[in-house]
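# Observations on the three-dimensional arrangement
Below are the chains, spelled out letter by letter.
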Amino acid sequence: MTALNDLVRPDRYPLSSRYDPAWLLDLDMGPNPLWLLEDLAQNLELRPGMRILDLGSGRGATSVFLAREYGAQVIAADWWIAAEEAATVFTKAGVGDQVTAVRAEAHALPFEEESFDAIVSIDAFEYFGTADNYLPYLVRFLRPGGQLGMATPAMTRDVRELGAIPPHIKKVVGWEAIAWHTADWWRFQWEITELVKVTSASLQQDAWRDWLLWAQAGIEHQPDSQSANQAVIDMLTTDAGQFLSFALVTARKN
């Protein structure tokens, strides 16, 4: 078995296992995005024809997944990746007629209010969504009853409760870990606005192990990434699930 083969797990992730791990790693902007999305989607009601905003879509793997697996019409919005680059990915994946790439900053979204049935964000929300006023801004783009779902790096205990970033995490990610909140933190942060009803908020099962498999496959597929991926591997091995996880949170607009 190779590390790449370890990313094909039809028993745990049947939908994601239809996708070539090498293709996914070529589009890498965060660990195992399809595994996160497949788990997250279990608590969403995604149907063919829905208009979905994939916020922080990166190079496009999650947008391809939403189009193929759920028959959605997807707007793939990202600030770091040019729309032309993402559009090429969608065309090659055969979903160019379902996915539209848009270059957009998360605090200045160029969309009409109440224009989406769902907003999904994978491996990105920690960069722009932690401010107290962000959820009230974002839900303006959801139709009444629309759904919101996000997967983001998380901690089992909030850094503010710990009083410091654990050294093995600080060594690799630095201050960014202060944005890696617990699932309960996210539940409160969203529900206190009374704009949404949180329908699920939990830590992903064995998230650190999934992340470890991704980093190990990254070294195998892209040897130039060995230094960065080895640092992540060392962090995750030291942590062994004590603090590091991913939060999966879903909600419905009131």
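Each chain carries its own residue numbering, running from 1 in the direction its sequence is written. At least 70 in pLDDT is required for a residue's local features to be given in this predicted model, at least 80 for side-chain atom pairs to be given and counted, and no such filter applies to totals for whole chains, interfaces and linings, which use all residues. Each side-chain value is derived from all of the structure's non-hydrogen atoms; neither hydrogens nor water enter the calculation.

### Here's the deal with the sheet that holds strand 3 (residues 99-103)
Two strands qualify as a pair provided DSSP detects at least 2 bridges between them. Strands here mean DSSP runs of E at least two residues long; helices mean DSSP runs of H or I at least four residues long; both are numbered from the N terminus. Strand order in the open sheet made by the seven strands is 3-2-1-4-5-7-6, with mixed pairing throughout. Edge strands, defined here as strands with exactly one partner in the open sheet, are strand 3 and strand 6 (196-203). Recorded for the sheet is a direction-independent mean angle of 15° between the axes of neighbouring strands. Note: strand 1 (residues 51-55) against strand 4 (residues 116-122), three bridges, orientation parallel. In the strand pairing of strand 4, D54 is matched with V120. Strand contacts of helix 4 (residues 83-92): strand 2 (73-78) and strand 3, with the helix running at about 165° to strand 3, the strand carrying the most contacts. The axes used here are C-alpha line fits, helices contributing only the stretch in contact, and every angle between their N-to-C directions lies in the interval 0 to 180 degrees. Note on contacts: a residue pair is in contact if any heavy atoms of the two residues lie within 4.5 Å.

### Comments concerning the pairing of strand 5 (residues 142-155)
Burial runs high along strand 5: 11 of the 14 residues are buried. Of the strand pairs in this sheet, strand 4 and strand 5 are connected by six bridges, and their pairing is parallel. Counted as the bridge partner of F116 is L142 from strand 5. Strand direction decides the pairing type here: strand 5 and strand 7 (residues 244-253), joined by nine bridges, are antiparallel. Looking at strand 7, one finds that A151 is bridged to L248. Residue exposure (1.4 Å probe, protein chains only): buried if accessible area is under 20% of the type maximum, exposed if over 50%, otherwise partly exposed.

### Considerations on the packing of helix 2 (residues 33-41) against helix 3 (residues 61-70)
The contact between helix 2 and helix 3 brings their axes to 10 Å, and the two run at 45°. Relative to helix 3, the element helix 2 lies oblique. At the point where helix 2 passes helix 3, the crossing takes the right-handed sense. Of the residues in helix 3, those touching helix 2 at P33, L34, L37, E38 and A41 are A61, T62, F65, L66 and Y70. Residue classes follow a fixed rule: Ala, Val, Leu, Ile, Met, Phe, Trp, Tyr, Cys and Pro count as nonpolar, while Asp, Glu, Lys and Arg count as charged, and any other residue, Gly among them, counts as polar. Here the residues of the contact of helix 2 with helix 3 sort into eight nonpolar, one polar and one charged. Working rule for angles: under 35 degrees goes down as roughly parallel, over 145 as roughly antiparallel, 65 to 115 as roughly perpendicular, anything else as oblique. In this scheme the crossing of two helices becomes right-handed for a clockwise turn of the near helix relative to the far one and left-handed for an anticlockwise turn of less than a right angle.

### A closer look at the side chain of S57
Mapped onto the fold, S57 is located in the loop between strand 1 and helix 3. Not counting residues up to four positions away in its chain, the partners in contact with S57 are T62, S63, A76, A77 and D78.

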